[in-house]
Amino acid sequence: MSHNDTTKTGRPIWADCATSDLSVAERFYADVFGWTSERETDSQGAIYSVQRLDGKRVAGIYELTEEMRGLGAPPHWATYFEVGDLDESLDQVKQAGGKLLDGPMDEDGVGRMAVIQDAVGAYLRLWTPAPDQGGEVFNIPGAMIWNELCTEDPDQAAAFYKDALGLRAGTIDAGGKPYTLLKIGDDPVAGILLKTPEMEAGGSTWDVYFAADDVDVIVKRAEKAGGTVLSAPFDLPVGGRMAVVQDPMGAVFEIMQMPEAKE
């Protein structure tokens, strides 16, 4: 995932984890990635834990609300896409077949945000951030490196994100299987993976990837900290290595090691 200031709409800029135990989650991710926590209280009195890597914002953690628990929402990671005009983007989402689930919500010093469901059923957040909000570092060990939609209908998903966020779709060969890249211009900002029958049951989901310089080491840390390895480290057909991990409360995330650059 590449970030620049030329085009903002459609670029993943943040991820956070809704959890059933904030303190346990903070300790787990500190042990795995070396994050430090900085708790903040919003205008409604809810606590939000900003996660920092070497002092820079990388992610957030908060406890599931009573409403979320009542709806049966499990602990999970969520992806935030930046938009320049939230109301305009929400109109485009609805026209493209998506749904507004919550919001828009305004928070002083944070920005304006809404929760939506896309045309294939995946949940995500759209965010017009206040100045100096969002992630500060990406693509380094311990920071977010990629965001991927896993769905049974990549074509429908690609059409939605083109109409809703203006993202252009392009397909590459990933070890004999097609993989869809969502792009701003020629810059890939996210991916779409075809969900196959052997994958875990459930609907379409946006998955969050964090970078590692050694996936195997990070997986061992996660296990020691109480996490569960859902997919042991494996080599990617396009180079690099990854694993799928579940934290002690049940939130799932991916760890990815990029291939070494060739001289």
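In what follows, the structure referred to is the one given above.
Residues numbered from 1 in each chain as written. Predicted model: local features only at pLDDT ≥ 70, side-chain atom pairs only at ≥ 80, totals over all residues. Heavy atoms only, no water.

1. Quick look at the packing of aromatic side chains
Spelled out, the test is: For Phe, Tyr and Trp, where Trp contributes only its six-membered ring, two rings pair if their centres lie within 6.5 Å, and the inter-plane angle classes them as stacked under 30 degrees, edge-to-face over 60, or tilted in between. Numbering goes from the N terminus for both helices and strands, where a helix is a DSSP run of H or I of at least four residues and a strand is a run of E of at least two. Three exposure classes are used, based on accessible area relative to the maximum for each residue type with a 1.4 Å probe and protein chains only: buried under 20%, partly exposed in between, and exposed over 50%.
Going through the model one piece at a time under the given rule, you end up with 19 aromatic pairs. Look at Tyr48 and Tyr62: their rings are 6.0 Å apart centre to centre, the planes differ by 15 degrees, and that puts the pair in the stacked class. Highlighted residues: Tyr48 in strand 3 (residues 47-53) and Tyr62 in strand 4 (residues 56-63), separated in sequence by 14 residues. Under the relative-accessibility criterion, Tyr48 is labelled partly exposed at 22%. Classification of Tyr62 by relative accessible area gives buried; the value is 12%. Relative to Trp206, the ring of Phe81 lies with its centre 5.1 Å away and its plane at 70 degrees, an arrangement referred to as edge-to-face. Separated by 125 residues along the polypeptide, Phe81 in strand 5 (residues 76-82) and Trp206 in strand 13 (residues 205-211) bring together distant segments of the chain. As far as the burial class goes, Phe81 and Trp206 line up, both buried. Members of the aromatic cluster, each reached through a chain of ring pairs, are Phe28, Tyr29, Phe33, Trp35, Trp77, Phe210 and Phe253.

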